[in-house]
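Below, each chain spelled out in residue letters.
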Amino acid sequence: MYILKNTFLNITYATLDHVPPFFWNLLHVIADIIYFWYYKLVNYLRPKSRTVYYEAIQKLDICESYEQWQATASMVDDITGANLWRRNFFSRRYDFNSVLEQYSILVKAIENNQFDIIKEKCSTTGPCMLRNFAGIADKRLFTKSLLGTKLLIEQYLERTVQGLNILNEQTLTSTSFYQRCKFSLGTTALVLQGGSLFGLFHLGVIKGLLSQGLLPNIISASSMGACIAAVFGCLSNEEMSELLQDDGILNIIKDDPDLLKLCGYGMVEQHLNLGTLIQNLIHHGYSQDVYLFMQFVLKYVVKDITFEEAYQKTHKIFNVVIHPTDTSCPNLLNYVTTPNVLIRSAVMCSLGSDIVSNDTTLLCKNLDNDIVPFLTIEKFKHIKFLAPENSINPTPNDNDNPYTRLTELFNVNNFVVSLARPYLAPFVVNDLKHEIKTSKYYYYKNYPDTKNNLLETLPDIGISQINFIEMEPLAFKFKYHLERKLKNILTMEFYHRMQVLDNLGLLSSWVKRLIIDERTPRSAVEIAIVPNIKSLSLTRIIEGQLDNIKFWINSGERSTWPILPLIKTRCSIEFKLDEIIKERKVKQ
């Protein structure tokens with residue numbers, strides 16, 4: 001059976017290698033024609049209001065900057081009526097009376113320089129130090145409008161930050177006050193999960209958060225995400241921002257012909273042998289462009305830096321999750337647990353021995369600054385490191401879970417998870433899915449025959465003489481919510497069945513790579529960022545084009561834009577406290 005399987009695979013790969021390029025170009029043309037006429041038919045059958053709405057939504061996918069995206073999102077909110085929803089502070093999703101009361105107190109205290117009241121509200125027991133005070137961080141408050149949540153909540157947070165700035169200007173407020181507040185509020189960590197095929201997506205997530213000043217100081221990652229996180233841990237924010245701008249990474253790679261040749265670039269026939277590329281993709285699990293970026297990071301960024309050296313340089317808390325076959329080996333590596341371990345060896349072990357090489361070992365620097373194996377005891381000599389999908393996932397509350405350990409070490413109670421798997425985008429339960437077109441405000445207001453437009457074009461005609469056409473709703477609320485509930489139920493049922501099969505050991509490594517994720521502790525709040533399903537391009541994955549690096553950075557950055565208001569609501573006070581504490585330490 002094994003011989004027949006290998007023979008069949010070899011024949012398939014050889015056949016694909018000899019398929020002429022003309023055939024693939026013809027398939028591309030046919031696919032484009034089908035795609036064009038499909039959308040032509042859909043737009044023809046849709047009501048006019050829905051057509052205008054979808055045209056505005058599609059413009060969001062081609063925005064080049066966050067400012068341009070905000071302008072387009074504002075237009076969509078105006079079409080759907082979400083701008084009216086934002087102005088109305090009433091909602092059953094949060095206690096607006098409490099928020100309004102605290103907002104009024106803060107405004108009055110700031111105007112009258114009542115520092116004691118501001119300090120009381122911002123103390124460890126005050127409402128301002130609660131991340132989800134009165135339910136303001138409920139994700140359902142961020143699904144109506146693309147631009148964010150209720151304006152009352154945004155203004156309340158702005159006044160809180162303003163109050164902290166005023167207290168910071170008063171030298172009577174000690175640094176320990178802000179440190180106690182920070183400890184009470186908790187810490188946010190960025191988690192990079194998955195990415196053997198789409199790992200470059202994480203780069204765009206980091207860029208999107210960094211450009212808006214919302215990048216946490218703690219990062220934890222596994223597999224290809226660990227390679228991306230190494231860039232975060234070894235470079236300052238200024239260096240990282242410069243590297244991620246435009247073609248910063250590509251320019252360095254193109255100037256290194258040895259690196260390109262090592263990764264299979266520079267040979268024209270390499271891009272034509274489709275069977276060889278698919279074979280490498282299946283057996284090694286990484287596309288050509290992902291492997292190229294990994295070698296770039298190891299050569300130009302990580303080098304022989306240890307976790308301790310990286311922390312001393314950047315003061316960032318960088319964690320790598322590994323999955324050793326021996327449970328006595330630490331599975332969360334950072335400057336606290338394994339300060340002298342080389343980051344490059346940690347990244348390779350996180351990728352897995354079956355992916356990189358069978359002799360993958362964890363390396364460290366000894367007291368003489370020599371590189372030696374980290375595990376020197378006899379029983380550790382034959383230890384192997386598994387890929388995340390091949391490991392046994394502990395329960396979220398298990399003490400062996402690396403994310404539980406992360407909460408214990410660094411007081412993490414809020415996770416921002418970057419999940420680099422486009423095919424999971426429709427099924428991620430904790431993802432922020434905008435429910436535009438479900439509110440009572442969501443009516444198409446710019447219909448050409450509506451009351452306002454007719455009054456502008458025919459000002460001399462009395463209102464009673466006009467037979468107005470009733471505005472058409474974008475969707476029916478009951479039908480939309482019914483579909484959403486059924487989808488969530490089916491998703492949870494599917495995941496439950498997959499978890500049961502995984503616990504019984506009945507899932508293959510490829511199925512687990514596509515479905516099973518590492519789980520964060522239940523006590524922590526989690527926000528998921530996933531790529532748009534449109535980012536799933538089979539051609540790009542197989543061919544491993546050089547411009548894939550820029551493509552996935554842009555894809556990741558765009559995916560963060562709808563999530564930024566939620567992250568800002570949950571983290572703005574925390575980041576302001578970090579900024580104040582950092583400034584005061586520098587002055588000391």
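Everything that follows concerns the structure shown earlier in this document.
Keep in mind that what you see is a predicted model, and the values were worked out from it rather than measured.

**Q** What should I look at first to understand the overall build of the protein in this one?
**A** A count of helices and strands for the protein gives 26 helices and eight strands. Relative to its 588 residues, the protein shows a buried fraction of 49%. The long-range fraction of contacts in the protein, counting pairs at least 24 apart against all pairs at least 6 apart in sequence, stands at 78%. Accessible surface, the protein: about 29700 Å² in total, of which carbon and sulfur atoms supply 57%.

**Q** Is there a simple way to explain the pattern of salt bridges in this structure?
**A** Any two side chains of opposite charge can pair, on the condition that their charged atoms come close. The final tally for this structure, using the stated rule, is 13 salt bridges. K207 is the salt-bridge partner of E557, the closest N and O atoms lying 3.7 Å from each other. With E557 in helix α25 (residues 548-560) and K207 in helix α10 (residues 201-211), the pair connects residues that are 350 residues apart, well separated along the chain. The pair E557 / K207 is uniform in exposure class, with both members buried. The partner of E239 in a salt bridge is K313, with the nearest N and O atoms 3.8 Å apart.

**Q** Help me out: how do you make sense of the packing of aromatic side chains in this one?
**A** Two numbers describe a pair of aromatic rings. These are the distance of the centres and the angle of the planes. On inspection of all chains with the given rule, the structure shows 15 aromatic pairs. Geometrically, the ring pair formed by F293 and F296 is tilted, given 6.0 Å between the ring centres and 40° between the ring planes. Of this pair, F293 and F296 both sit in helix α17 (residues 288-302), separated by three residues, roughly a single helical turn. Take F293 and F296: they sit in the same class, and that class is buried. Ring centres of Y335 and F410 lie 6.4 Å apart, and the angle between their planes is 25°; this geometry places the pair in the stacked category. You can see Y335 sitting in the loop between β4 (332-333) and α19 (343-351) and its partner F410 sitting in helix α20 (residues 402-410), a full 75 residues away along the chain.

**Q** Even after reading the chapter, I still don't get the side chain of K182, so can you show me in this structure?
**A** Assignment of secondary structure puts K182 in helix α9 (residues 175-185). Beyond its immediate stretch of four places on either side in the chain, K182 contacts T187, N411, E574, L577, D578 and I581.

**Q** Looking at this model, I keep getting lost on unusual backbone geometry. Mind explaining?
**A** The backbone phi angle of A134 is positive, close to 60°, even though this residue is not glycine. Mapped onto the elements of the fold, A134 is located in the loop between α7 (115-121) and α8 (151-169). Its identity as a non-glycine residue notwithstanding, K303 has a phi of 55°, on the positive side.

**Q** Help me understand the environment of L106 in this model?
**A** Residue placement: L106 occurs in helix α6 (residues 96-111). What makes L106 buried here is its relative accessible area of 1%. Each C-alpha atom, one on L106 and one on Y156, is 8.3 Å from the other, the two residues being 50 residues apart in sequence. If we skip the residues at most four places from it in the chain, L106 touches K121, C128, Y156, R159 and T160.

**Q** Is there a simple way to think about the side chain of S350 in this case?
**A** Within the secondary structure, S350 is located in helix α19. Using a relative accessible area of 0% as the deciding quantity, one classes S350 as buried. At 2.7 Å, the side chain of S350 and the backbone nitrogen of S223 are in polar contact.

**Q** Honestly, helix α12 (residues 237-244) in this entry has me stumped. Any pointers?
**A** Every buried residue belonging to α12 is among M240, L243 and L244, and all of these are buried. What you see down the axis of α12 is that its buried residues fit within an arc of 90°, all on one side. Turned more than 90 degrees away from the buried face of α12, the exposed residues are E238 and E242. As for α12, its buried residues are in contact with α10, α11 (224-234), α13 (248-254), α17 and α25. Downstream of α12 by one or two residues, D246 has phi in the positive range, about 50°.

**Q** I'm lost on the nonpolar core in this one. Help?
**A** Ranked by internal contacts, the top residues of the largest apolar core, which has 119 residues, are I206, I249, F293 and I343. Residues V191, I317, V321 and L406 belong to the second largest nonpolar core, which totals twelve residues.

**Q** Sorry if this is basic, but what is going on with the pairing of strand β2 (residues 218-222) here?
**A** Residues in a regular strand point their side chains to alternate faces of the sheet. Among the five residues that make up β2, five are buried, leaving the element largely enclosed by the rest of the structure. Here β2 shows a buried face lined by I218, S220 and S222 and a second buried face lined by I219 and A221. Relative to β2, strand β1 (residues 187-193) runs parallel, the two sharing four bridges. For L192, the partnering residue across the bridge sits in β2 and is A221. Direction of pairing for β2 relative to strand β3 (residues 317-321): parallel, over a ladder of five bridges. Considered in β3, the bridge of S220 is made with N319.

**Q** Would you take a moment to explain α8 for this structure?
**A** Since one α-helical turn is 3.6 residues long, residues separated by three or four positions face the same way. With 19 residues, α8 should cover 27 Å at 1.5 Å per step; its first-to-last C-alpha distance of 27 Å lies within 8% of that length. Within α8 the residues assigned to the buried category are L152, I153, Y156, L157, T160, V161, G163, L164, I166, L167 and N168. Residues of α8 that are buried sit in contact with α6, α7, α9 and α26 (564-587).

Calculation criteria
Residues numbered from 1 in each chain as written. Predicted model: local features only at pLDDT ≥ 70, side-chain atom pairs only at ≥ 80, totals over all residues. Heavy atoms only, no water. Helix = DSSP H or I, 4+ residues; strand = E, 2+ residues; numbered from the N terminus. Buried < 20%, exposed > 50% of the residue type's maximum accessible area, 1.4 Å probe, protein only. Contact = heavy atoms within 4.5 Å. Areas by Shrake-Rupley, 256 points an atom, 1.4 Å probe, with all protein chains shown as cover. Salt bridge = Lys/Arg side-chain N within 4 Å of Asp/Glu carboxyl O. Phe/Tyr/Trp six-rings, centres within 6.5 Å; stacked < 30°, edge-to-face > 60°. Polar contact = N/O pair within 3.5 Å; in protein donor to acceptor, adjacent residues only side chain to side chain. Arc of directions from axis to C-beta. Core = buried A, V, L, I, M, F, W, Y, C linked by side-chain atoms within 4.5 Å. Pairing = 2+ DSSP bridges. Expected span 1.5 Å × (residues − 1).

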